[in-house]
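Coordinate inspection notes
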Amino acid sequence: APAYTGLSSPEAIADPYPYYAWLREHAPVHHDTAADVWVVSRHEDVMAVVRDHARFSSHQGLPVDNDPFNPNPAPPWAAVVLRRVQSVRVLLTTDPPDHTMLRRRVAKAFTPRRIAAWEPRIRQVADELVARMAERGGPADLVRDLASPLPTTIIAELMGIPAERHRDFKRWSDQLIDGLFTGGSRAGMMRGLAAISWFFLRTVRRRRREPGDDLISLLTAEGDEPLTAPELVTFCVLLLVAGNETTTNLVSSAMAALFARPEQWARIVADPSLAEAAVEEALRFDGPAQGLLRIATTDVVMAGVTIPAGARVLVLLGSANRDPARWESPDEFLLDRPNTRDHLAFGTGIHYCIGHLLARMEARAALEALARRLPDLSPAGPPTRMTSPVLRGLRTQPVRLSPP
Ligand code: HEM
């Protein structure tokens, strides 16, 4: 066995892929006793779990009150907030038939046509952020200056949030993510959750009175089956949690892979349309969502191991995406891979990421803008990484804009 002591070990955070390879080979269904989760690592088994929502439930799959990866105690008042929050159905953590109904109601906001209409604005924001980096010159940070503000700005605009609130928006969202995924303060997380829920509740009420042509108005519209106000509030929170950090991480991880392979970056500079292939390969190679949690509804035997009813199951999408049984040369980052889009970075089955078109478009726009305007971009020091075993990406990514 490698020196890893589990998914949260510093070695696994720095580079989980050798550990995943060991798991696939020696313990494809592994009980991680520290986190008390059953870890599933082979492509075939990951697919089987994620597609079997009857035996592997998403209900309570989001670890809010008993997070296996956050040892910080919840504040005493958290129970009150949680009871309120958990009484509301949330798309990500429901099973059919609730999930089917919720998904139908929100899907209209994420159709290919609606998302395509945002492409010019997404490109404009990406170009502006990159232009600002270029004008400032000197050292820059790709996360701070591009990867983070791009999705936050776009989701805020999609929701019709006025520009002067974007900063608060970002702060609350960061507090939430920090507590949920990176072992940050759980009191901070709960405060962020409360602040943003209150803000969305007021926004929802306002849009009911004065609808605009934003996402929240669309979802509050008195159509055939409108969402309730609390359902809409938690859906908005979900969009922040599920969409912002992941897209930021996709851009930073894609650029990290390209910095390590200057010849591939040179190809994208020569032909920016290759950014699309780079984004897909980055999703497979080093995706933002490394693991998904499920709850076994019954005893399940998998790879000769019995997963007991009630157990938490962690499916490693990041491992499935590197499984040599599924991919040729899985540990190579290739722009010409014929079937990159078959990766599991956005999940599969009924919970397949509703924001995938948006995320793909944002990441592509970011890479293309960089390739066009900052072809000599290179790393200017070691990046720092998020310390979560389930969410992978960089916190800081210092760069220089011209050749050293
Ligand atoms: C679901 C990944 C961006 C909204 C998911 C799932 C994954 C995922 C793996 C499935 C979860 C499960 O099966 O339990 C990603 C990645 C992204 C990204 C890697 C960026 C690169 C976004 C964006 C949005 C979004 C931009 C919205 C603006 C959602 C929602 C769900 C979801 C609402 C729940 C869908 C459901 O339960 O039916 N995402 N996501 N995601 N994602 Fe994303």
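Reading guide: rules and limits
Residues numbered from 1 in each chain as written. Predicted model: local features only at pLDDT ≥ 70, side-chain atom pairs only at ≥ 80, totals over all residues. Heavy atoms only, no water. Core = buried A, V, L, I, M, F, W, Y, C linked by side-chain atoms within 4.5 Å. Buried < 20%, exposed > 50% of the residue type's maximum accessible area, 1.4 Å probe, protein only. Helix = DSSP H or I, 4+ residues; strand = E, 2+ residues; numbered from the N terminus. Contact = heavy atoms within 4.5 Å. Salt bridge = Lys/Arg side-chain N within 4 Å of Asp/Glu carboxyl O. Donors = N, O, S within 2.8 Å, 3.2 Å for Na, K, Ca; no water. Pairing = 2+ DSSP bridges. Axes fitted to C-alpha atoms, helices over the stretch in contact; angles between N-to-C directions. Parallel < 35°, antiparallel > 145°, perpendicular 65-115°, else oblique. Left-handed = near helix turned anticlockwise from the far one by under 90°. 1 Å grid on protein atoms, 1.4 Å probe; cavity = no way out; pocket = protein on both sides within 12 Å on 5 of 7 lines; lining within 4 Å. Points joined across faces, edges and corners; volume = space filled by probe spheres on them. Nonpolar A, V, L, I, M, F, W, Y, C, P; charged D, E, K, R; others polar. Near = heavy atom within 4 Å. Polar contact = N/O pair within 3.5 Å; in protein donor to acceptor, adjacent residues only side chain to side chain.

1. Observations concerning the nonpolar core
Across soluble globular proteins, you tend to see nonpolar side chains buried next to one another. Formed by 89 residues in total, the largest nonpolar core has its most connected members in Phe169 and Phe200. Ranked by residue count, the leading element in this core is helix H13 (residues 229–259), at 17 residues. Phenylalanine 169 has contacts with Thr152, Ile155, Ala156, Met159, Ile161, Ile196, Phe199, Phe200 and Leu240, leaving out every residue within four places of it along the chain. Within the second largest apolar cluster, 18 residues are counted, among which are Val50, Phe56, Ala296 and Ala311.

2. A word on the pattern of salt bridges
Applying the stated criterion across every chain, the model contains 24 salt bridges. Between aspartate 145 and arginine 144 there is a salt bridge, with the nearest N and O atoms lying 2.8 Å from each other. Note on aspartate 145: relative accessible area 8%, which makes it buried. Aspartate 168 serves as the salt-bridge partner of arginine 171, at 3.3 Å between the closest nitrogen and oxygen. Taken together, the residues span about one helical turn, with arginine 171 and aspartate 168 both in helix H10 (residues 166–181) at a distance of three residues. When its relative accessible area of 45% is taken as the criterion, arginine 171 is described as partly exposed.

3. A few points about the coordination of the iron atom of the ligand
The protein gives the iron atom of the ligand a lone donor atom, Cys353 (SG), placed 2.3 Å from the metal. Its place among the elements puts cysteine 353 in the loop between helix H16 (317–320) and helix H17 (356–373).

4. Some remarks on the pairing of strand E2 (residues 37–40)
Neither face of E2 is exposed, since Val37 and Val39 on one face and Trp38 and Val40 on the opposite face are all buried. Direction of pairing for E2 relative to strand E8 (residues 312–316): parallel, over a ladder of three bridges. Bridge pairing links tryptophan 38 to valine 313 in E8.

5. Observations concerning the packing of helix H9 (residues 149–158) against H13
Their axes nearest at 8 Å, the elements H9 and H13 cross at an angle of 150°. If you check the angle between H9 and H13, you find them roughly antiparallel. Crossing geometry of H9 relative to H13 is assigned as right-handed. Of H13, the residues touching H9 (which contributes Pro151, Thr152 and Ile155) are Leu239, Leu240, Asn244, Thr247 and Thr248.

6. Considerations on the layout of surface pockets
One number sums up the size of the second largest pocket: a volume of about 290 Å³. Along the walls of the second largest pocket sit Ser148, Pro149, Thr152, Thr153, His166, Arg167, Lys170 and Arg171, which together make up its complete lining. When contributions to the lining of the second largest pocket are tallied by element, the ones reaching two or more residues are H9 and H10. Here the lining of the second largest pocket is composed, by residue class, of one nonpolar, four polar and three charged.

7. Considerations on the site of the ligand
Around the ligand, 26 residues are found, and the nearest of them are His99, Arg103, Arg294, His351 and Cys353. A distance of 2.8 Å separates an oxygen atom of the ligand from a polar side-chain atom of arginine 294. Sorting the residues of the shell around the ligand by element identifies helix H5 (98–107), H13, strand E5 (291–296) and H17 as the ones contributing at least two each. Looking at which element gives the most residues to the shell around the ligand, the answer is H13, with seven residues. Counted by class, the shell around the ligand contains 17 nonpolar, seven polar and two charged residues.

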